[in-house]
Amino acid sequence: MSAETSTLLEEALAGWVFARDGFSAEAQAIPEESWDYRPHPNARSVRELVVHILQSGEMMVGELTRPDGDFTRQGIEAHFAEYAHDIPEDGAPEPLMRLLASRLTHGLERFRDAGEIHMLQRIRQFDGTFATRLSWFQHGIAHEEYHRGQLATYARCLGLVPALTQLIHGADAK
């Protein structure tokens, strides 16, 4: 292990950076004029997915780092209102992309300030069961990867090449 990933917390933080960077790359691969695209009337648009990742990321950081964190203490919309009230739901792509980066940086600081011992403590999840905060953090990382896959699918629906495919196979990937 490198010095940067010498603890369980640092390994998880590195995983979050990888997931957020991948999600951001997929969002950036979709042109601004397509950010309101949705493959189905009941699906989120590209813009709504970005806002959702911002809101859920803020909730995750906020609830996991607070000493009395408990995901059942209020509904998810109340969590979003508490932690992500300043996220513009109709924001333009460029400012939303800047928020994805800046909120990641701020979240990393908050997790480091809380510390690994704090993250190994238990928290009540939305379903009422308990898990370690670190375990729930892994859920949050997986959540971002899930929505990254959605964006890659949206790119294909729009006739575009997903960012990860471009990264692996080059700019001429199909």
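Everything below is about the structure printed above this text.
For clarity, every value in this text was computed on a predicted model and none was experimentally measured.

Draft legend 1. How the structure looks around the environment of Pro39. With respect to the helices, strands and loops of the structure, Pro39 is situated in the loop between helix H1 (8-28) and helix H2 (46-65). In sequence terms Pro39 and Glu109 are 70 residues apart; their C-alpha atoms lie 36 Å from each other. Excluding its chain neighbours within four sequence positions, the residues that come into contact with Pro39 are Arg44 and Tyr154.

Draft legend 2. Region of interest: the packing of H2 against helix H4 (residues 93-114). Where H2 contacts H4, the axes come no closer than 10 Å and their chain directions differ by 15 degrees. It follows that H2 is roughly parallel to H4 by the angle criterion. Once H2 is placed against H4, the crossing between them reads as left-handed. For the pair H2 and H4, the contacting residues are Arg47, Val50, Val51, Ile53, Leu54, Glu58, Met60, Val61, Gly62, Leu64 and Thr65 in the first and Pro93, Leu96, Leu99, Leu100, Arg103, Gly107, Arg110, Phe111 and Ala114 in the second.

Draft legend 3. Structural view of the pattern of salt bridges. As enumerated under the stated definition, the model contains 13 salt bridges in all. With its nearest N and O atoms 3.2 Å apart, the salt bridge here joins Arg103 to Glu58. With Arg103 in helix H4 and Glu58 in helix H2, the pair connects residues that are 45 residues apart, well separated along the chain. Residue Arg103 shares its accessibility class with Glu58, and that shared class is buried.

Draft legend 4. Region of interest: the environment of Thr7. By secondary structure assignment, the location of Thr7 is in the segment before H1. Residue class for Thr7 comes out partly exposed when judged on its relative accessible area of 28%. Residues Thr7 and Glu116, spaced 109 residues apart in sequence, show a C-alpha to C-alpha distance of 7.9 Å. Among the polar contacts made by the side chain of Thr7, one reaches the main-chain amide nitrogen of Glu10 at a distance of 3.0 Å.

Draft legend 5. Main features of the nonpolar core. Counting residues in each nonpolar core, the largest one holds 21 residues, and the members touching the most others are Trp16, Met60, Leu64, Phe111, Met119, Trp136 and Phe137. It is H1 that contributes the most residues to this core, 5 residues altogether. Leaving out residues up to four positions away in the same chain, Leu64 has contacts with Phe71, Phe111, His118, Met119, Ile123, Arg133, Trp136 and Phe137. Ranked by size, the runner-up nonpolar core spans 20 residues in total, among them Val51, Leu54, Leu100 and Ala155.

Draft legend 6. A nonpolar patch on the surface, seen in detail. A cluster of nonpolar side chains, Leu8, Ile117 and Leu120, forms an exposed patch at the surface whose accessible area comes to about 290 Å². Relative to the elements of secondary structure, Leu8 occurs in helix H1.

Draft legend 7. Focus on the packing of H1 against helix H6 (residues 133-157). Where H1 contacts H6, the two axes come as close as 9 Å, and the packing angle between them is 15 degrees. By the criterion of interaxial angle, the relationship of H1 to H6 is roughly parallel. Taken as a pair, H1 and H6 cross one another with a handedness that is left-handed. Residue composition of the contact of H1 with H6, grouped by class: 14 nonpolar, 4 polar and 5 charged.

Draft legend 8. Local environment of the packing of aromatic side chains. Tallied over the full model, the rule gives 7 aromatic pairs. Aromatic pair Trp16 and Phe111: ring centres 5.8 Å apart, planes at 80 degrees, arrangement edge-to-face. Of this pair, Trp16 sits in helix H1 while Phe111 sits in helix H4, placing them 95 residues apart in sequence. Looking at Phe111, the relative accessible area reads 0%, which means it is buried. With 5.7 Å between their ring centres and 85 degrees between their planes, Tyr37 and Tyr154 make a pair best called edge-to-face. With Tyr37 in the loop between H1 and H2 and Tyr154 in helix H6, this residue pair connects regions lying 117 residues apart in the sequence.

Rules and cut-offs
Residues numbered from 1 in each chain as written. Predicted model: local features only at pLDDT ≥ 70, side-chain atom pairs only at ≥ 80, totals over all residues. Heavy atoms only, no water. Helix = DSSP H or I, 4+ residues; strand = E, 2+ residues; numbered from the N terminus. Contact = heavy atoms within 4.5 Å. Axes fitted to C-alpha atoms, helices over the stretch in contact; angles between N-to-C directions. Parallel < 35°, antiparallel > 145°, perpendicular 65-115°, else oblique. Left-handed = near helix turned anticlockwise from the far one by under 90°. Salt bridge = Lys/Arg side-chain N within 4 Å of Asp/Glu carboxyl O. Buried < 20%, exposed > 50% of the residue type's maximum accessible area, 1.4 Å probe, protein only. Polar contact = N/O pair within 3.5 Å; in protein donor to acceptor, adjacent residues only side chain to side chain. Core = buried A, V, L, I, M, F, W, Y, C linked by side-chain atoms within 4.5 Å. Patch = residues over 30% accessible without salt bridge, like charges linked within 9 Å, V, L, I, M, F, W, Y side chains within 5 Å. Areas by Shrake-Rupley, 256 points an atom, 1.4 Å probe, with all protein chains shown as cover. Nonpolar A, V, L, I, M, F, W, Y, C, P; charged D, E, K, R; others polar. Phe/Tyr/Trp six-rings, centres within 6.5 Å; stacked < 30°, edge-to-face > 60°.

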